[in-house]
Amino acid sequence: MSLLWRNKQLRVGLAPDRIYMSGARAIELAANDDGSWNAPVAALASSLGGMKGEAAVVLADQFVRYTLLPYNETLKTREQWLALATHRFNTLHGPRAAEWQITVTETAPMGARLACAVDRALVAELMEVFGKANMRLVSVQPFLVVAFNRIRKTVGNGSCWIVVEEPGRLTLALIQRGMWIAIRSRRADSGWRNLLPEILERESAFLGLAEPVTRVIVCAQHEFDTEMHDAWRAEAIAYRELALAAE
Amino acid sequence: MQRIELDFIGRSARLRWGPRVLLAAALGLAGDMAVSYVQLTREVRSNEAIVARAKPHQSVPAGSAEEVALARDAVQRLGLPWTKLFAALEAAGSRSSPTRRAARSRSPAKARTISRRSATC
């Protein structure tokens, strides 16, 4: 895809409490604690007037469910992995998973598979909204995937935590020696910055890590002081920057 | 670490232009090949027609035995190295002139002629 073509693409970051749009200010929405996508999609529909071309949407992790499937050499095809992911989501979330669109992708040739689920109705609604605005929706990706693809070269084959802050929630992903190990999601209040070491130590203990991972890449909604915790090597990237970054 | 390819929009929708561009390029190449093929076929046909129109070589009729003998004789004559032969003969002639004279003077016929002349005198 040429640079000229890429520049014409509208990039949208869709979160429960705001909408980020490339070349425009973020649209703030009313507090939306239940993580529903109806209000953001309705607001998006009314803000697309006069636009045309292609659009790519980055979904906040609050709209997405993740699970990592350990590598299994007996599973050969994409369909087999998809069946396992569907089974896993059904086990974890119950009958709600039947309403979800599930996608599986590999993280490394012999590594875990990343399975993501999103409400099927959300994708259909987005297609309809952009279709009505005479725009073509070419991509809908979860934030964690977009953020990882942007920072993966800095991670290399090292180890780190990726921490994604969204209102009332943190998504934690652990990468160890270049391999995806775990993805966890947990509620968090406004004081999470001070509690981050404890949160990560607790997760490390839960995962039974033999050696601690002390590098943290934080994707924060607002400023994050990387010097805040001496024992941790922290880097911060603005959430908005990652959500709107062109690939 | 490898890039994660994960998108909730199907590949067919996202990459709609890619296959079209490839198809257009493939069709263009196929058309070019077809035009080249037709041109080459025409060229081959015209060349074959030229070859077909050309008269075949006529065989030379065999001559009589006398003509053959004359021809052989002419070839043999032409084949002789006349220049060298003449040069060798001239050289041999010039070298042998005094000797011949001497030999002629010593020949018995000459001697008889001389003695007969002296006897008549």
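Every value quoted in this text rests on a predicted model; they were computed, and no experiment measured them.

Here we come to the nonpolar core. Residue and element names in this part refer to chain A. Counting 67 residues, the largest nonpolar core has Val57, Leu59 and Ile162 as the members making the most contacts within it. In terms of residue count, the dominant contributor to this core is helix H5 (residues 143-155) (six residues). With residues near it in sequence (within four places) discarded, Val57 still touches Val12, Leu14, Leu126, Leu137, Ser139 and Val140.

Residues and elements named next belong to chain A. With respect to burial, strand E9 (residues 160-166) is a largely interior element, seven of its seven residues being buried. Here E9 shows no split at all, with Cys160, Ile162, Val164 and Glu166 on one side and Trp161, Val163 and Glu165 on the other all buried. Pairing between E9 and strand E10 (residues 169-176): seven bridges, direction antiparallel. Opposite Glu165, over in E10, you have Leu170 as the bridge partner. Connecting the antiparallel pair E9 and E10 is a turn made up of two residues, with Gly168 showing a positive phi of about 75°. One ladder, built from four bridges, connects E9 with strand E12 (residues 215-220); its direction is parallel.

Two modes of strand pairing occur in sheets, parallel and antiparallel, and in both the strands are linked by backbone hydrogen bonds. Residues and elements named next belong to chain A. In space, the five strands of this open sheet follow the order E3-E2-E1-E4-E8, with mixed pairing throughout. Bordering the open sheet on either side are strand E3 (27-28) and strand E8 (135-142), each of which pairs with just one other strand. Where strand E1 (residues 10-14) meets strand E4 (residues 53-59), five bridges bridge the pair, whose relative direction is parallel. Each residue of the ladder has a partner; that of Val12, found in E4, is Val57. Packing of H5 onto the sheet brings it into contact with E4 and E8, and relative to E8 it is tilted by some 80°.

Let's shift gears to the packing of helix H2 (residues 38-46) of chain A against helix H4 (residues 120-132) of chain A. Residue and element names in this part refer to chain A. Orientation of H2 relative to H4, taken along the N-to-C sense of each, is 10°, at an axis distance of 9 Å. In terms of orientation, H2 lies roughly parallel with respect to H4. Considering how the two elements wind past one another, H2 and H4 form a crossing that is right-handed. Facing H2, whose interface residues are Val41, Leu44 and Ala45, H4 presents Glu125, Leu126 and Val129. Split into classes, the residues belonging to the contact of H2 with H4 amount to five nonpolar, no polar and one charged.

Taken together, the contacts link 11 residues of chain B with 22 residues of chain A. In the side of chain B that touches chain A, the residues fall into six nonpolar, one polar and four charged.

All names here are of chain A. Reading across from one edge, E11-E10-E9-E12-E13 is the order of the five strands in this open sheet, with mixed pairing throughout. Bordering the open sheet on either side are strand E11 (179-187) and strand E13 (233-238), each of which pairs with just one other strand. If you compare each strand with its neighbour and ignore which way they point, the axes differ by 15° on average. Taken strand by strand, H5 contacts E9, E10, E12 and E13, and its axis lies near 145° from that of E9.

Before going further, it helps to examine the confidence of the model for chain B. Residues and elements named next belong to chain B. Averaged over every residue, the pLDDT of chain B is 78; residues scoring 70 or more account for 69%. In the model of chain B, helix H5 (residues 108-120) stands out as the element of lowest mean pLDDT, 51, in contrast to helix H2 (residues 17-53), which has the highest, 92. For this predicted complex, the interface confidence comes out at an ipTM of 0.84, alongside a pTM of 0.68.

Rules and cut-offs
- Within each chain, residue numbers correspond to sequence positions counted from 1 in written order.
- Ligands are numbered from 1 and chains lettered from A, in the order in which they are written.
- Only residues with pLDDT of 70 or above have their local features reported here, since the model is predicted, and side-chain atom pairs are shown and tallied only from 80 upward, although totals for entire chains, interfaces and linings are computed over all residues.
- A set of buried residues qualifies as a nonpolar core if it consists of Ala, Val, Leu, Ile, Met, Phe, Trp, Tyr and Cys joined through C-beta atoms within 7 Å.
- In this scheme the burial state of a residue depends on its C-beta neighbours within 10 Å: 20 or more other such atoms mean buried, 12 or fewer mean exposed, and anything in between means partly exposed; the C-beta positions come from the backbone.
- What counts as a helix is a DSSP run of H or I of at least four residues, what counts as a strand is a run of E of at least two, and both are numbered from the N terminus.
- In this description, any two residues whose backbone-derived C-beta atoms lie within 7 Å of each other are considered to be in contact.
- DSSP bridges decide pairing: two strands pair if at least two such bridges lie between them.
- In this analysis, axes come from line fits to C-alpha atoms, helices being fitted only over the stretch in contact, and the angle between any two N-to-C directions falls in the range 0 to 180 degrees.
- When an angle is under 35 degrees it counts as roughly parallel; over 145 it counts as roughly antiparallel; between 65 and 115 it counts as roughly perpendicular; any other value is oblique.
- By definition, any crossing whose near helix is turned counterclockwise from its far helix by less than a right angle is left-handed, and any crossing with a clockwise turn is right-handed.
- Residue polarity is assigned by list, with Asp, Glu, Lys and Arg as charged and Ala, Val, Leu, Ile, Met, Phe, Trp, Tyr, Cys and Pro as nonpolar; anything else, Gly included, falls into the polar class.
- Residue-level confidence of the predictor is what pLDDT reports, using numbers from 0 through 100.

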